[in-house]
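Listed below are the residues making up each chain.
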Amino acid sequence: LAAAAKRVDELPGVEAAEIACKWSWTASCQIAVQPAKPLAMWSSASGNVWTDYEGKVQRAPDQLAAKLLIKVIEGEPPPIGVPLDPMLLQGLTDIVSSQPTLTRLEYSQQYGLMIKNERGANVRLGSAEHQGALMEKLQLASSLAEQLGAQGVMPRIIDVRHVKAPFYIK
């Protein structure tokens, strides 16, 4: 039963599964399935996929309500059936837990996760090297944008993928 439950649990769209059987004159089994909760919908020219909170990537139906909408602007979305990179998953869960108003992101295989800040600059965040890393990067980008704005500089790009070496491009 445990092996069967594990197989069902590994199916796309399933967060957990339990199988209970009663053995009597007629054997009967019940399978209880808890559907996975969508974390992020990835939109790309090659098709849409979604990721759950465990990092499972699966083909997306036309209408799916996910916490985050991610537009893939360069490269491909995460491959179906391959777990999402743990650092990318950590970054997404950080955003959902601490920045609930941030729901739209962009993704590039070269630069990772990106957002547009309130001043219109593209902010390259990358992924999360540890829990809370994306929040540190967002705070750094905000401070940098504020400092540059005070000097009359309006950057097109702010790159905080490496917090010890952030940079901007006019």
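Residues numbered from 1 in each chain as written. Predicted model: local features only at pLDDT ≥ 70, side-chain atom pairs only at ≥ 80, totals over all residues. Heavy atoms only, no water.

A.B. asks: Honestly, the packing of aromatic side chains in this entry has me stumped. Any pointers?
C.D. replies: Each aromatic ring pair is specified by the distance between its two centres and by the angle formed by the two planes. Inspection of every chain in the model, using the stated rule, returns 1 aromatic pair. Between Trp-42 and Tyr-107 the ring centres are 5.2 Å apart and the planes differ by 85 degrees, which places this aromatic pair in the edge-to-face class. Placement of the pair is Trp-42 in strand E3 (residues 38-43) and Tyr-107 in strand E7 (residues 104-108), with a sequence separation of 65 residues. Overall, Trp-42 belongs to the buried group, its relative accessible area being 0%. Judged by relative accessible area, which is 14%, Tyr-107 ranks as buried. Positioned above the aromatic ring of Tyr-111 is the side chain of Arg-124, whose terminal nitrogen or guanidinium carbon lies 3.6 Å from the ring centre. (Phe/Tyr/Trp six-rings, centres within 6.5 Å; stacked < 30°, edge-to-face > 60°. Helix = DSSP H or I, 4+ residues; strand = E, 2+ residues; numbered from the N terminus. Buried < 20%, exposed > 50% of the residue type's maximum accessible area, 1.4 Å probe, protein only. Lys NZ or Arg CZ within 6 Å of the ring centre and 35° of its normal.)

A.B. asks: Would you mind showing me how to read the pattern of salt bridges here?
C.D. replies: Side chains bearing opposite charge may pair, as long as their charged atoms lie close to each other. Under the criterion given, the structure shown has 4 salt bridges. In this structure, Asp-159 and Arg-124 form a salt bridge, with 3.3 Å as the shortest nitrogen-oxygen distance. Of this pair, Asp-159 sits in strand E10 (residues 157-159) while Arg-124 is found in strand E9 (residues 122-126), placing the two residues 35 residues apart along the sequence. Under the relative-accessibility criterion, Asp-159 is labelled buried at 1%. Looking at Arg-124, the relative accessible area reads 10%, which means it is buried. (Salt bridge = Lys/Arg side-chain N within 4 Å of Asp/Glu carboxyl O.)

A.B. asks: Explain the nonpolar core to me, please; I cannot follow it from the model alone.
C.D. replies: Soluble globular proteins: nonpolar side chains tend toward being buried together. Grouped together as the largest cluster of nonpolar side chains are 31 residues, with contacts concentrated most on Trp-42, Ile-70, Leu-92, Leu-113 and Ile-158. Counting residues per element, this core draws most heavily on helix H3 (residues 133-150), which supplies 7 residues. With near-sequence residues (within four places) excluded, Ile-158 lies in contact with Asn-117, Ala-121, Asn-122, Val-123, Arg-124, Ala-141, Leu-144, Ala-145, Phe-167 and Tyr-168. Residues Met-41, Trp-50, Ala-60 and Ala-66 belong to the second largest nonpolar core, which totals 5 residues. (Core = buried A, V, L, I, M, F, W, Y, C linked by side-chain atoms within 4.5 Å. Contact = heavy atoms within 4.5 Å.)

A.B. asks: What exactly am I supposed to notice about the side chain of Ser-127 here?
C.D. replies: On the secondary structure map, Ser-127 appears in the loop between E9 and H3. When its relative accessible area of 16% is taken as the criterion, Ser-127 is described as buried. Once residues within four sequence positions are removed from consideration, Ser-127 is found in contact with Met-87, Leu-88, Leu-134 and Lys-137.

A.B. asks: Please clarify how the pairing of strand E2 (residues 28-35) should be interpreted in this entry.
C.D. replies: The two faces of a sheet get side chains in turn, since along a regular strand they alternate between them. Bridge count for strand E1 (residues 14-22) against E2 is 8 bridges, and the pairing is antiparallel. Across the sheet, Ala-16 pairs through a bridge with Gln-34, a residue of E2. What sits between the antiparallel neighbours E1 and E2 is a turn of 5 residues. (Pairing = 2+ DSSP bridges.)

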